[in-house]
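Summary of the model geometry
Next come the chains, spelled out residue by residue.
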Amino acid sequence: MFESLRVPVIAAPMAGGPSTPELVTSVVRAGGFGFLAGGYLTAATLADQIHKTRELAGETFGVNLFVPGVRSLVDVTSYADRLRGEADRYGVAPGAGRWDDDGYAAKLDLVVEQRVPVVSFTFGTPLAADIERLHEADVTVVVTVTTPAEAREAATAGADALCVQGFEAGGHRAVFTDDASSDSGGPLFGLLAALRLIGAETDLPLVAAGGLVHGADVAATLAAGAVAAQLGTAFLRADEAGTNGTYRAALDAGGRQTAITRAFSGRPARGLENRFLRENSAAAPAAYPQLNNITKPVRAAATAAGDPEAVSLWAGQTYPLTESRPAERIVARLAEQARDAVSAAARRFG
């Protein structure tokens, strides 16, 4: 699937709004590939997005789903109590700290019934039986991994390809098991190191993800063994992205460092530093999606108020280098930069 792309660039799935059928279509039109983000959507809403994407982009698209993790038994009451002052600031109450599986079964049924061309998974490997169902529907299965051990598990379960995520990536880390003793949820591998280590473990096609915003980055990952590069942060400011105004303004302004935190969702994720992240990261337990549900009303109210200080501003380390323009032009520029980088490297080697 990815080896045949005219431009080996993939628009990453970005849950919470940024990924749209229009964004996928613009990237596909430029010769790349795009994912819809199934996370946080109902099956009905995802079905609508699949239908619209098919109308606009044909069959060059995929859907990403969150694999439900083991239910955390951590008592999140104290964290909810901690956030009451923050919630009062925006005139809301913290949400209920409940666990849910993000409607996984219904969405899995949907992508099988719809025979979505490619389905990727984050936060774990689907059951082998689920992968078999997808294969019977001619669906290509991609599993996002962060370590060689996760890559081995995904390969054994029957994955067709792996998306290798480096620690530079914005948004949630794709770790299968969130290690509560580690601020990052598990071992941290830079993207190039992860590609080399995982490439030594498996012959599956590898897609590279993590902090890629320039064509030279794309070229570097291909040289390191990837068949394509998956970019998320690079498309957050694209015209077709569903990134809300508060989020866009913070990205446009730049000047903030990024950090990995559990403060917003209970799972480690990289985003722009703000007041909420600084004040609550140390106290946030490893309890996803309970914390995500607790903080949701606060995040929504802060977004509506145009205040970036209590919003999850997911972004990779290289976000200051992104641009606001149509996604089709972003991909075209990436392709041009990649060709220039390859030519320059070739000249250095005579």
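Residues numbered from 1 in each chain as written. Predicted model: local features only at pLDDT ≥ 70, side-chain atom pairs only at ≥ 80, totals over all residues. Heavy atoms only, no water.

1. Describing the overall build of the chain
Helix and strand counts for the chain come out as 13 helices and 11 strands. In terms of C-alpha radius of gyration, the chain reaches 19 Å, essentially the compact-globule figure of 20 Å for 350 residues. For the chain, the C-alpha atoms occupy an extent of roughly 60 × 45 × 40 Å along the three principal directions. In the chain, which comprises 350 residues, the proportion classed as buried is 57%. Surface summary for the chain: the accessible area is close to 14200 Å², and the carbon and sulfur share equals 51%. With 31 positive and 39 negative side-chain charges, the chain shows a separation of 5 Å between the mean positions of the two kinds. (Helix = DSSP H or I, 4+ residues; strand = E, 2+ residues; numbered from the N terminus. Rg over C-alpha atoms; globule rule 2.2 N^0.38 Å. Buried < 20%, exposed > 50% of the residue type's maximum accessible area, 1.4 Å probe, protein only. Areas by Shrake-Rupley, 256 points an atom, 1.4 Å probe, with all protein chains shown as cover. Lys, Arg positive; Asp, Glu negative; His and termini not counted. Charge placed at Lys NZ, Arg CZ, Asp CG, Glu CD.)

2. Notes on the sheet that holds strand S7 (residues 171-172)
In space, the three strands of this open sheet follow the order S7-S11-S10, with antiparallel pairing throughout. Taken across any chain shown, the strands that pair with only one partner, and hence form the sheet edges, are S7 and strand S10 (258-261). As judged from the four bridges shared by S10 and strand S11 (residues 269-272), these two strands associate in the antiparallel manner. Among the inter-strand pairings, Ala259 is bridged to a residue of S11, identified as Gly271. (Pairing = 2+ DSSP bridges.)

3. Brief notes about unusual backbone geometry
With omega at 5 degrees, the peptide bond leading from Tyr288 into Pro289 counts as cis. Within the fold, Pro289 resides in the loop between helix H11 (275-280) and helix H12 (290-304). The phi dihedral of Phe123 is positive, around 80 degrees, even though this residue is not glycine. Inspection of the secondary structure assignment puts Phe123 in the loop between strand S4 (118-122) and helix H6 (128-136).

4. Some remarks on the packing of helix H1 (residues 21-29) against helix H2 (residues 43-57)
Running from amino to carboxyl end, H1 crosses H2 at an angle of 25 degrees, the nearest separation of the two axes being 9 Å. In terms of orientation, H1 lies roughly parallel with respect to H2. As H1 runs across H2, the sense of the crossing is right-handed. Contact residues: Pro21, Glu22, Val24, Thr25 and Val28 in H1; Gln49, Lys52, Thr53, Leu56 and Ala57 in H2. For the contact of H1 with H2, the per-class residue count stands at five nonpolar, three polar and two charged. (Axes fitted to C-alpha atoms, helices over the stretch in contact; angles between N-to-C directions. Parallel < 35°, antiparallel > 145°, perpendicular 65-115°, else oblique. Left-handed = near helix turned anticlockwise from the far one by under 90°. Contact = heavy atoms within 4.5 Å. Nonpolar A, V, L, I, M, F, W, Y, C, P; charged D, E, K, R; others polar.)

5. Quick look at the pattern of salt bridges
All told, the structure shown has 16 salt bridges when counted by the stated rule. Close ionic contact of Arg262 with Asp178 constitutes a salt bridge, the shortest N to O distance being 2.7 Å. Of this pair, Arg262 sits in the loop between S10 and S11 while Asp178 sits in the loop between S7 and helix H8 (191-199), placing them 84 residues apart in sequence. Summarising the burial analysis for this pair, Arg262 and Asp178 share the class buried. Measuring nitrogen to oxygen at the nearest pair gives 3.6 Å for the salt bridge that ties Glu323 to Arg333. Within this pair, whereas Glu323 is found in the loop between H12 and helix H13 (327-348), its partner Arg333 is found in helix H13, the two being separated by 10 residues in sequence. When its relative accessible area of 29% is taken as the criterion, Glu323 is described as partly exposed. A single salt-bridge network, built from bridges that share partners, covers Glu86, Arg89 and Arg275. (Salt bridge = Lys/Arg side-chain N within 4 Å of Asp/Glu carboxyl O.)

6. What about H6?
Burial in H6 covers these residues: Asp130, Ile131 and Leu134. Considered in projection along H6, the buried side chains sweep an arc of 100 degrees and stay on one side of the axis. More than 90 degrees from the buried face of H6, the exposed residues found are Ala129 and Glu136. Residues of H6 that are buried in the fold lie against helix H5 (104-113), S4, strand S5 (140-145) and helix H7 (148-157). Phi for Asp138, located one or two positions after H6, is positive at around 65 degrees. (Arc of directions from axis to C-beta.)

7. So, the nonpolar core
Among the nonpolar cores identified, the biggest contains 92 residues, and Leu162 and Phe235 are the most heavily contacted of them. Here Leu162 is in contact with Val142, Val143, Val145, Ala151, Ala154, Ile198, Thr202, Leu204, Pro205, Leu206 and Val207, once residues within four sequence places are set aside. Ranked by size, the runner-up nonpolar core spans 12 residues in total, among them Leu5, Ile10, Ala161 and Ala228. (Core = buried A, V, L, I, M, F, W, Y, C linked by side-chain atoms within 4.5 Å.)

8. Digging into the packing of helix H9 (residues 215-223) against H13
One can describe the packing of H9 onto H13 by two numbers: an axis separation of 7 Å at closest approach and a directional angle of 60 degrees. One finds that H9 runs oblique with respect to H13. H13 is crossed by H9, and the crossing has right-handed handedness. Contact residues: H9 offers Gly215, Ala216 and Ala219, while H13 offers Leu334, Gln337, Ala338, Ala341 and Val342. In terms of residue class, the contact of H9 with H13 is made up of six nonpolar, two polar and no charged.

9. Describing the side chain of Asn274
Mapped onto the elements, Asn274 comes out in the loop between S11 and H11. Accessibility expressed as a relative area gives 0% for Asn274, which makes it buried. Only 3.0 Å separates the side chain of Asn274 from the backbone nitrogen of Leu277, close enough to count as a polar contact. With residues up to four places along the chain from it excluded, the contact list for Asn274 reads Arg256, Phe264, Pro308, Glu309, Ala310, Val311 and Leu313. (Polar contact = N/O pair within 3.5 Å; in protein donor to acceptor, adjacent residues only side chain to side chain.)

As far as function goes, none of this settles anything; it's purely spatial.
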